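# Architecture and fold: a report
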Number of protein chains: 2
Amino acid sequence: VTDLEQLETPFLTIDLDAVERNIARAQEYCDSHGLALRPHVKTHKQTRIARMQLDAGAVGITCQKLGEAEVMADAGVEDILVTFPVLGETKVERLAALARLCRMSIAADSPAALAAAGEAGRRAGTPIGFLVECDTGGGRLGVQRPEAAAELAEEAARMEGVELLGLMTYPTGEGTRRFMDAARRAVERRGLVVRVVSGGGTPTLYRTHELGGVTEVRAGEYALGDRSHASTGVVPLDDVAARVEATVVGRPTAERAILDAGSKTLSSDLSPAGLEGHGLVLQYPEATVYELSEEHAHVDVSRCTAAPQIGERVTVLPNHVCGAVNLHHEVALHRSGREVDVVPVPARGLVR
Amino acid sequence: VTDLEQLETPFLTIDLDAVERNIARAQEYCDSHGLALRPHVKTHKQTRIARMQLDAGAVGITCQKLGEAEVMADAGVEDILVTFPVLGETKVERLAALARLCRMSIAADSPAALAAAGEAGRRAGTPIGFLVECDTGGGRLGVQRPEAAAELAEEAARMEGVELLGLMTYPTGEGTRRFMDAARRAVERRGLVVRVVSGGGTPTLYRTHELGGVTEVRAGEYALGDRSHASTGVVPLDDVAARVEATVVGRPTAERAILDAGSKTLSSDLSPAGLEGHGLVLQYPEATVYELSEEHAHVDVSRCTAAPQIGERVTVLPNHVCGAVNLHHEVALHRSGREVDVVPVPARGLVR
């Protein structure tokens, strides 16, 4: 394949020129505000794009599961933070094996997860970096009070096989600074050093200096963008790098077009930005992707002046890029439509 | 791995004993009502389960995309209906190659898709079976009027490379009989024979004889079941064969438990039966999976008398089994917990 038009649809494409612009923008922002950038690779799941991020100045990468970290460590990434509790014998052994390959850190919020990290560090003979996960408003994992963060930090500082690095939260939000400042002071009152305060999330990436309280930014979606981030302007529409090439396979009524890209191609993820519908059809912005079947997108074209016809190719921006990338065995990397390179997605589907 | 408890979580398991019960129930129902059963393999994506369905009496299988059909034909399946329009040179060539391997049929609603089928049949030297897709209330693809069905059927009957088989709709619903009876009469008025009227969908599978109008049932989810079908009773809870083994990885508050199975494990698919939440935790039926992140299930355990603790294993029924199976590189087949066999999912992610 030498041309995106030759790809059999549906196909996910990623424009590396746009990726480079997105990486440069985020790195410049972080550099200008004295923030470390530690990209989350769960978005692109590609060793090649991780390498682009590191070459641009990232301090390391973030993975959500050990399987992703294993792919990245095998590709030579030297500093990986896994922002998910590692529990159980098999995972402890895998974390130990990773720690023999590269610098590994874990973020977690429980003594059980801390103990597992310590066990892995002792087996590896090199400590696992540890960040105390704090719930600063996200309502997912994380200790609930700054003093609880300090208690777990103190336990980490005492534990063999673990090196206390600091604090972590997701996402960076309006409540982050207050919690993290209090947690940092509580840790420091115990005579411990907080080297890293790690925050995350693309929606607030470029507001990190205002929201404050963190020294490091974990963001993933900024590199590829999607319909949601284009709608908020965090990633300009022209820089949305991940797009789905689709074909109109039916026009059963004057109002309805059916595309060959459904929830197995775009994912069922609703827009994190709260947009209605399931994607943006670039050539027909007045169209609404009002429903997805597994293999069909149901599109209302009643507001289009000239509606797409059967056999026509269209380009769809997914609601949520991470969910979409995870569905594809392979993607077509390209540079502004040239140098098309169909490659596997090595870290996809690695939920363990 | 010899025991499901040894599987590292999250892991999708499929109980072949339950699958056998589900297959037998559906086949008996169809046999007793003189209906042909043509299972949709998009649910399990497994050649082994397709073989079980054929051995039990299915007349052939249904696939949604050519990629699925290629996997099944390679495994020796001899009769495949693809219920999706095949358009474009590459797909025509693939359909022709399939037709050289086995009996292929296509359902479609447009002259363009009919022409593509004809081209494939002529290249293969053997006709492609053709069913006219009718929109009997589903609102997806399908001709809108019985007379339009007859027009496309007549075009198919005249086309070299195609053999007119009859009519198809999805799902079989309250409007199916009236439309299909009228369409059949309209086709027959043109001197043509309607050999097959194919309906689909697990929710109405066991009501097909009441709803009427079809000679063949395409259903997929009946074989595995899920939370939605258990809630309606179409698949008894004990016969839900596909389940996700997960681990509690956090208990940040008294009300909240976090599991290591998120939308990348369960899928973001909402319940087709309209249930709230994202899965059923079997051991804690009072718990509510109120939100999914990609790798986290957020569970409200406030109504549980004894809530699950960190490190504890739980079993989750996904909302929608097809979406869940599609996410997994491999699944653990077993028989009531024994004979555990971890196998790949060969027809997963084949969207082209």
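Residues numbered from 1 in each chain as written. Chains lettered and ligands numbered in written order. Predicted model: local features only at pLDDT ≥ 70, side-chain atom pairs only at ≥ 80, totals over all residues. Heavy atoms only, no water.

### Considerations on the overall build of chain A
As a reminder, the rule being used: By the criteria applied, helices consist of DSSP H or I runs no shorter than four residues and strands consist of E runs no shorter than two, each listed in order from the N terminus. Relative accessibility thresholds used throughout: buried, under 20% of the residue-type maximum; exposed, over 50%; partly exposed, between the two (1.4 Å probe, protein chains only). Residue contacts are counted whenever heavy atoms from the two residues lie within 4.5 Å of one another. Areas reported here follow the Shrake-Rupley algorithm with a probe of radius 1.4 Å; residue values treat only the protein chains shown as occluding. The sign given to each residue is positive for Lys and Arg and negative for Asp and Glu; His and the chain ends receive no count. Charged side chains are reduced to one point each, which is NZ for Lys, CZ for Arg, CG for Asp and CD for Glu.
Within chain A one finds 11 helices and 17 strands. With the C-alpha coordinates aligned to their principal axes, the bounding extent of chain A is approximately 70 × 35 × 35 Å. Buried positions account for 64% of the 352 residues belonging to chain A. Taking contacts inside chain A between residues at least 6 apart in sequence as the whole, the part at least 24 apart equals 68%. On chain A, roughly 12100 Å² of surface is accessible, and the fraction owed to carbon and sulfur atoms is 48%. Averaging the locations of the 37 positively and 49 negatively charged side chains of chain A gives two centres separated by 5 Å.

### Quick notes on unusual backbone geometry
With an omega of -5°, the peptide bond running from Thr9(A) to Pro10(A) counts as cis. Looking at the element boundaries, Pro10(A) is found in the segment before strand E1 (11–15). That bond from Tyr170(B) to Pro171(B) is cis: its omega, -10°, falls within 30 degrees of zero. One can find Pro171(B) in the loop between strand E7 (162–169) and helix H7 (176–189). For Ser336(A), which is not a glycine, the phi torsion comes out positive at approximately 50°. Here Ser336(A) shows up in the loop between strand E16 (330–335) and strand E17 (338–344). Its identity is not glycine, yet Glu339(B) carries a phi of approximately 50°, on the positive side.

### Let's talk about helix H6 (residues 146–158) of chain A
Think of an α-helix as 3.6 residues a turn; residues three or four steps apart then line up on the same face. Residue and element names in this part refer to chain A. The following threshold applies: In this scheme, a helix's expected span is set at 1.5 Å multiplied by one less than its residue total.
Helix length check: H6 (13 residues) gives 19 Å between terminal C-alpha atoms against 18 Å at 1.5 Å per residue, within 8%. Looking at H6, one finds that the buried residues are Ala148, Ala149, Ala150, Leu152, Ala153 and Ala156. Elements in contact with the buried residues of H6: strand E5 (103–108), helix H5 (111–124), strand E6 (128–134), strand E7 (162–169) and helix H7 (176–189).

### Comments concerning the sheet that holds strand E8 (residues 196–200) of chain B
All names here are of chain B. Note the threshold: For two strands to pair, DSSP has to find at least two bridges joining them. Every axis corresponds to a line fitted to the C-alpha atoms, with the helix fit spanning only the stretch in contact, and the corresponding angles, defined between N-to-C directions, vary from 0 to 180 degrees.
Spatial strand order, E2-E9-E8-E7-E6-E5-E4-E3: eight strands in an open sheet with parallel pairing. Looking at strand neighbours, the two that pair on one side only are strand E2 (36–37) and strand E3 (61–63), the edges of this open sheet. Sheet analysis places E2 next to strand E9 (residues 216–218), joined by two bridges and oriented parallel. For Ala36, the partnering residue across the bridge sits in E9 and is Glu216. Contacts between helix H3 (residues 66–74) and the sheet are confined to E3, strand E4 (79–82) and strand E5 (103–108), with E4 contributing the most and set at about 175° to the helix.

### Topic: the relation of the copies chain A and chain B
So the rule is basically this: Superposing the copies works by least squares over the C-alpha atoms of residues that have pLDDT at least 70 in both of them.
Screw-axis analysis of chain A against chain B gives a translation of 0.0 Å along the axis, an RMSD of 0.0 Å, and a rotation angle of 180°. The relationship between the two copies is best expressed as a two-fold rotation axis. The position closest to the rotation axis in chain A is occupied by the C-alpha of Ser268(A), lying 2.7 Å away. Both copies share a contact surface, since 100% of the interface residues of chain A are interface residues in chain B too.

### Description of the environment of Gln6(A)
Turning to its location among the elements, Gln6(A) is positioned in the segment before E1. Residue classification places Gln6(A) among the partly exposed residues on the basis of a relative accessible area of 48%.

### Concerning empty space enclosed by the protein
Which parts of space are left empty comes out when a probe the size of a water molecule is rolled across the atoms. The following threshold applies: Here a cavity denotes grid points, spaced 1 Å and computed from the protein atoms alone, that fit a 1.4 Å probe unable to get out, and a pocket denotes an open set having protein on both sides within 12 Å along at least 5 of 7 lines; residues with an atom within 4 Å of a point are the lining. Grid points are joined across faces, edges and corners, and a volume is the space filled by probe spheres set on the points. For this classification, Asp, Glu, Lys and Arg are treated as charged, while Ala, Val, Leu, Ile, Met, Phe, Trp, Tyr, Cys and Pro are nonpolar and the rest, including Gly, are polar.
According to the stated counting rule, one finds seven cavities of 30 Å³ or more in the structure shown. The space that makes up the largest cavity amounts to roughly 160 Å³. For the largest cavity, the lining is made up of 18 residues, of which Ser267(A), Leu327(A), Ser267(B), Ser268(B) and Leu327(B) are closest to its centre. Sorting the residues of the lining of the largest cavity by element identifies helix H10 (263–266) of chain A together with helix H10 (263–266) of chain B as the ones contributing at least two each. Of the residues assigned to the lining of the largest cavity, the class counts are two nonpolar, 10 polar and six charged. Approximately 40 Å³ is the volume found for the second largest cavity. Along its surface, the second largest cavity is lined by Leu327(A), His328(A), His329(A), Glu330(A), Gly349(B), Val351(B) and Arg352(B). Partitioning the lining of the second largest cavity into residue classes produces two nonpolar, three polar and two charged.

### Regarding the pairing of strand E1 (residues 11–15) of chain B
Residue and element names in this part refer to chain B. Most of E1 is tucked away: five of the five residues are buried. Covered by surrounding structure in E1 are Phe11, Thr13 and Asp15 together with Leu12 and Ile14, the residues of both alternating faces. Here four bridges tie E1 to strand E10 (residues 242–250), and the two strands are oriented antiparallel to one another. The residue of E10 that forms the bridge with Phe11 is Glu245. Where E1 lies against strand E16 (residues 330–335), three bridges are found, and the strand directions are parallel. Of the residues in E16, the one forming a bridge with Thr13 is Ala332.

### What about the confidence of the model for chain A?
Defined as follows: For every residue, the predictor states its confidence as a pLDDT score lying anywhere from 0 to 100.
For chain A, mean pLDDT is 97; residues scoring 70 or higher make up 100% of the total. Interface confidence for the predicted complex, expressed as ipTM, amounts to 0.97; the pTM equals 0.97.

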